[in-house]
Amino acid sequence: MKELVLASGNAGKLAEFRAILQGYEILSPKDLELDFDVEETGNTFYDNALIKAKALYEMCNLPALADDSGLCVKALNGAPGVFSARYSGGTDADNNAKLLDVMKNIAERSAYFESCIVYYDGKNIIDVTGRTHGVITDTPKGSGGFGYDPLFLSDDLGKTFGEASEEEKNEVSHRARALAALSEKLKQISDK
Ligand code: IMP
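Residues numbered from 1 in each chain as written. Predicted model: local features only at pLDDT ≥ 70, side-chain atom pairs only at ≥ 80, totals over all residues. Heavy atoms only, no water.

A. Representation of the nonpolar core in the model. Formed by 19 residues in total, the largest nonpolar core has its most connected members in Leu56 and Val118. Breaking this core down by element, the ones donating at least two residues are helix 2 (45–60), strand 3 (64–73) and strand 4 (110–120). Filtering out sequence-adjacent residues up to four positions away, Val118 remains in contact with Tyr46, Ala49, Leu50, Ala53, Ala64, Leu65, Ala66, Ile125, Ile126 and Asp127. If you look at the next biggest cluster of nonpolar residues, it comprises 16 residues, including Phe17, Ile26, Leu179 and Leu186. (Core = buried A, V, L, I, M, F, W, Y, C linked by side-chain atoms within 4.5 Å. Buried < 20%, exposed > 50% of the residue type's maximum accessible area, 1.4 Å probe, protein only. Helix = DSSP H or I, 4+ residues; strand = E, 2+ residues; numbered from the N terminus. Contact = heavy atoms within 4.5 Å.)

B. Spatial organisation of the site of the ligand. Taken together, 14 residues lie near the ligand, and Lys13, Ser69, Asp149, Lys169 and His174 sit nearest. The contact in question runs from a nitrogen atom of the ligand to an N or O atom on the backbone of Tyr148, over 3.2 Å. In the complex, 88% of the free accessible area of the ligand, which totals 490 Å², lies under the protein chains. Elements with a contribution of two residues or more to the shell around the ligand: strand 3 and helix 5 (174–191). Element by element, the count of residues in the shell around the ligand is highest for strand 3, at three residues. For the shell around the ligand, the residue count by class is four nonpolar, five polar and five charged. (Near = heavy atom within 4 Å. Polar contact = N/O pair within 3.5 Å; in protein donor to acceptor, adjacent residues only side chain to side chain. Areas by Shrake-Rupley, 256 points an atom, 1.4 Å probe, with all protein chains shown as cover. Nonpolar A, V, L, I, M, F, W, Y, C, P; charged D, E, K, R; others polar.)

C. Broad picture of the layout of surface pockets. In this structure, the largest pocket occupies an estimated 1,100 Å³ of space. Around the largest pocket, the lining is made up of 44 residues, and of these Asn10, Lys13, Ser69, Phe146 and Arg175 lie nearest the centre. When contributions to the lining of the largest pocket are tallied by element, the ones reaching two or more residues are helix 1 (11–20), strand 3, helix 3 (92–102), helix 4 (166–172) and helix 5. Here the lining of the largest pocket takes five residues from helix 1, the largest share from any one element. In terms of residue class, the lining of the largest pocket is built from 14 nonpolar, 16 polar and 14 charged. (1 Å grid on protein atoms, 1.4 Å probe; cavity = no way out; pocket = protein on both sides within 12 Å on 5 of 7 lines; lining within 4 Å. Points joined across faces, edges and corners; volume = space filled by probe spheres on them.)

D. Structural detail: helix 1. Taken as a whole, helix 1 has its buried residues at Lys13, Leu14, Glu16 and Phe17. All buried residues of helix 1 project into a common sector of 165° when viewed along the axis, lining one side. Its side-chain oxygen at 2.8 Å from the backbone nitrogen of Gly12, Asn10 defines the N-terminal cap of helix 1. (Arc of directions from axis to C-beta.)

E. Quick peek at unusual backbone geometry. Here Ala79 and Pro80 are connected by a cis peptide whose omega angle stands at 0°. By the element assignment, Pro80 lies in the loop between strand 3 and helix 3. Unusually for a residue other than glycine, Asn77 sits at a positive phi of about 55°. With respect to the helices and strands, the residue Asn77 is situated in the loop between strand 3 and helix 3. Judged by its relative accessible area of 77%, Asn77 falls in the exposed class.

Nothing here speaks to function; it is geometry throughout.
Below is the structure:
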């Protein structure tokens, strides 16, 4: 089986990549005993994913995958965007509180999550993007998921990602959509 190394130590992400990219052995930096920690200095999800995929490839000489994702709010010109994880400088709950505060007098509440995944094998770069659309609620709803999930009322599901089961979220999530696109593109390079 062809090996791919994913630039993440997040167990949930590894499981999602393994479930969708069948026919590949998805390894983590930890599986290779690598201490992988790269600063995300890019201005776009693509830039950050590419920085991580290239750094990981240089460390292990195996085809590398990296993703970067975040929440983009229309009325905030796409913020928090690449700063989603660091929006308040605190925890997920602090980020959510900040977002609700910033949006307290804003009626236009549409937003999307975006995930960009980059594959790099020293020669080929493949990039894919997945998006999922919704609106930002006035109060947190549900305790599932992570990050901004309790504030994201999904257009597809009619409930927040915090209220959705893991299976429901994985049907429509930005990451699942990017992974489905990646799976198709990887088939094309392996057919060549
Ligand atoms: P990363 O791509 O894992 O670095 O995620 C960046 C940040 O975007 C996370 O820390 C969350 O704040 C936010 N984010 C990305 N995907 C999701 C999601 O599926 N639900 C909620 N928040 C997310």
